[in-house]
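Listed here are the chains, written in short residue letters.
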Amino acid sequence: MNKNEVKTPRNQKGLVDPKSIKEFKVYVETTLLEFLLFKMTGTSRNTVKSLLSHHLVAVDGVPVSQFDYKLYPEDTVIVSKRPIHKRKVAEFKILLEDEDIIAIDKPSGLLSVATDREKGKTAFRMVSDYYREKNPKGRIHLVHRLDQDTSGVLIFAKSHETREALQNAWQDIVTKRYYYAIVDGHMEKSAGDLADYLYQDSCNLMRITKNKSQGKLAITHYQVARERGPYTLLKVAIDSGRKNQIRVQLGHIGHNVIGDDKYGEPSNPLKRLGLHAYELAFTNPLTHRSYDIVSPMPEEFKTLMFEDAAKKAPSIEEKPARKPTRPTRSATKIAKGKKRQAERKHYGPRKGKRA
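For clarity, every value in this text was computed on a predicted model and none was experimentally measured.

Novice: What exactly am I supposed to notice about the overall build of the protein here?
Specialist: Scanning the protein for helices and strands turns up 8 helices and 17 strands. Looking at the protein residue by residue over its 355 residues, the buried ones come to 43%. Taking contacts inside the protein between residues at least 6 apart in sequence as the whole, the part at least 24 apart equals 64%. In the structure as shown, the protein presents an accessible area of about 21,300 Å², 49% of it carried by carbon and sulfur atoms.

The following block contains the structure:
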């Protein structure tokens, strides 16, 4: 660790110590200075600016020192008792970047955005650090989320206006939301459609209900891509974006996603959740530009589901070269040889040739 870097205070379990920070939710568009003056009643402007200059303030887990930093509804402002310094920009895979969005390949195990339990180690923090190195006054905005243990395509907007435009029309502008899911067992049908009403219980788990007024409709389509041993690889498309819907609906029909101990007790051969968001296609309503962003299948998925197939069916380039054989005489030469033999038998040897 850099000697000038001070970590956010954490407890014995490695989680952020809630006693060391104060959190404030943003509900209206404003600036960071005005917001803190409003929330921290009796605090002077110089004191607030001192908090900022000493790196004691973060927005959605990203340290901020600009007093005129723009805040938007749903932002979370954190005031810490200890400095929250910048980190070195972590490496991550960018699938696409233009003047409006950044699309990354989020790894499994990484949160999309800060939570009550984790403030710093998030995809949002990583992309923010990366973008602010290029544009110190810029900021990025999360457009949608992936579960912590789900890998794949994750989209960030480079402006509040772009995020709002995408989010407000998300159901209409998205044409593809495709996932790979590896489940326990073999499906009874090679393809199917699942439509269930989901609600969140008191433990923040998603449940299926027959009461339409209690839940929200979740529609999931699946198709079997490959079976190997006790596992099945599915291609999954969703029409709705309900929390954990793929995991809940597949588990409900008796085929839990592997590694998903949140909704069942499936096997865990990958030591991670067997769910990957591999394709997302949409149109930006502001610019009318269409995107079709693809994240390759994770290597561990390939190893589990295709390793034996690769060994049994090598490509043409992998086949060993055949040993060279002696050239054979053509049918024409054989016919000529037989004709000369017949002539010698009937007429005798040719002139000048020995008998």
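Novice: I keep staring at the environment of Met206 and nothing clicks. Help me out?
Specialist: With respect to the helices, strands and loops of the structure, Met206 is situated in strand E13 (residues 206-209). Of the residues examined, Met206 reaches a relative accessible area of 8% and is grouped as buried. Considering only alpha carbons, one finds Met206 and Lys243, 37 residues apart in sequence, at a separation of 7.2 Å. Aside from chain neighbours lying at most four places away, what touches Met206 is Leu198, Tyr199, Gln200, Lys243, Asn244, Val248 and Tyr263.

Novice: I tried to follow the nonpolar core on my own but got confused; where do I start?
Specialist: Across soluble globular proteins, you tend to see nonpolar side chains buried next to one another. Residues Ile104, Phe156, Tyr179, Leu234, Val236 and Leu250 are the most contacted members of the largest nonpolar core, which totals 32 residues. Those elements that provide at least two residues to this core are strand E8 (101-106), helix H3 (123-134), strand E10 (151-157), strand E11 (174-184), strand E15 (231-238), helix H6 (245-252) and strand E16 (275-283). Broken down by element, the residue count for this core peaks at 6 residues, all from H3. Sequence-distant contacts of Leu234, defined by excluding residues within four places in its chain, comprise Tyr179, Tyr180, Ala181, Val183, Met187, Tyr222, Gln223, Val224, Ala225 and Leu250. Counting residues in hydrophobic clusters, the runner-up holds 19 residues, among them Phe24, Val26, Leu36 and Met40.

Novice: Where do I start with the packing of aromatic side chains in this structure?
Specialist: Each aromatic ring pair is summarised here by two numbers: the centre-to-centre distance and the angle between the ring planes. Under the definition given, this model contains 6 aromatic pairs. Ring plane angle 20° and centroid distance 4.0 Å describe the contact between Tyr180 and Tyr278, whose orientation is recorded as stacked. Residue Tyr180 is found in strand E11, and its partner Tyr278 is found in strand E16; the two are separated by 98 residues along the sequence. Here Tyr278 falls in the buried class, since its relative accessible area comes to 10%.

Novice: Whenever I open this one, the confidence of the model for the protein confuses me. Can you help?
Specialist: Predicted coordinates in areas of low pLDDT are best not read in detail. On average, residues of the protein carry a pLDDT of 82, and 77% of them reach 70 or more. Below a pLDDT of 50 lies the segment residues 1-18, which in the model reaches 27 contacts outside its immediate sequence neighbourhood of four places, other chains included. When the criterion is pLDDT under 50, residues 310-332 qualifies, and its contacts beyond four places in sequence or with other chains add up to 2 contacts.

Novice: Quick question: what am I supposed to make of unusual backbone geometry here?
Specialist: Of all residues except glycine, most have a negative phi; of all peptide bonds, most are trans. In the Ramachandran plot, His55 falls in the positive-phi region, its phi being about 60° despite a non-glycine side chain. Along the chain, His55 falls in the loop between helix H2 (45-53) and strand E3 (57-59). Residue classification places His55 among the partly exposed positions, given a relative accessible area of 31%. A positive phi angle, close to 65°, is found at Asn204, a residue other than glycine. As for its placement among the helices and strands, Asn204 is situated in the loop between strand E12 (191-200) and E13. On the accessibility criterion, Asn204 (44% relative accessible area) is partly exposed.

Novice: Even after reading the chapter, I still don't get the side chain of Arg247, so can you show me in this structure?
Specialist: As for its placement among the helices and strands, Arg247 is situated in helix H6. A residue is classified by how much of its surface remains accessible, and Arg247, at 5% relative accessible area, is buried. Look past the residues within four positions of Arg247 in its chain and what remains in contact with it is Asp147, Val257, Asp260, Lys262, Tyr263, Leu273 and Leu275.

Novice: What's the story with the packing of helix H1 (residues 32-39) against H2 in this structure? I'm lost.
Specialist: Axis angle and axis distance: for two packed helices, these are the angle between their axes and the distance between the axes, and together they describe the pair. Packing of H1 against H2 brings their axes to within 10 Å, and their N-to-C directions diverge by 120°. For the element pair H1 / H2, the angle class is oblique. When you trace H1 past H2, the crossing you get is right-handed. Facing H1, whose interface residues are Leu32, Leu33, Glu34, Leu36 and Leu37, H2 presents Arg45, Val48, Lys49 and Leu52. Its residues assigned to classes, the contact of H1 with H2 comprises 6 nonpolar, no polar and 3 charged.

Novice: What should I look at first to understand the pairing of E8 in this one?
Specialist: Looking along a regular strand, one sees side chains alternate from face to face of the sheet. Along E8, 6 of the 6 residues are buried, which leaves the element largely enclosed by surrounding structure. Burial along E8 is two-sided: Ile101, Ala103 and Asp105 facing one way and Ile102, Ile104 and Lys106 facing the other are all buried. Of the strand pairs in this sheet, strand E7 (residues 93-97) and E8 are connected by 4 bridges, and their pairing is antiparallel. Pairing of Lys93 across the sheet is with Asp105, part of E8.

Novice: Sorry, what's going on with the environment of His144 here?
Specialist: Note on placement: His144 falls in the loop between strand E9 (141-142) and E10. The sequence separation of His144 and Leu166 amounts to 22 residues, and the corresponding C-alpha distance is 9.3 Å. If we ignore the near neighbours within four places in the chain, the residues touching His144 are Val153, Leu154, Ile155, Trp170 and Leu280. At a separation of 3.0 Å, a polar atom in the side chain of His144 contacts the main-chain amide nitrogen of Ile155.

Criteria and cut-off values
Residues numbered from 1 in each chain as written. Predicted model: local features only at pLDDT ≥ 70, side-chain atom pairs only at ≥ 80, totals over all residues. Heavy atoms only, no water. Helix = DSSP H or I, 4+ residues; strand = E, 2+ residues; numbered from the N terminus. Buried < 20%, exposed > 50% of the residue type's maximum accessible area, 1.4 Å probe, protein only. Contact = heavy atoms within 4.5 Å. Areas by Shrake-Rupley, 256 points an atom, 1.4 Å probe, with all protein chains shown as cover. Core = buried A, V, L, I, M, F, W, Y, C linked by side-chain atoms within 4.5 Å. Phe/Tyr/Trp six-rings, centres within 6.5 Å; stacked < 30°, edge-to-face > 60°. pLDDT = per-residue confidence, 0-100. Axes fitted to C-alpha atoms, helices over the stretch in contact; angles between N-to-C directions. Parallel < 35°, antiparallel > 145°, perpendicular 65-115°, else oblique. Left-handed = near helix turned anticlockwise from the far one by under 90°. Nonpolar A, V, L, I, M, F, W, Y, C, P; charged D, E, K, R; others polar. Pairing = 2+ DSSP bridges. Polar contact = N/O pair within 3.5 Å; in protein donor to acceptor, adjacent residues only side chain to side chain.

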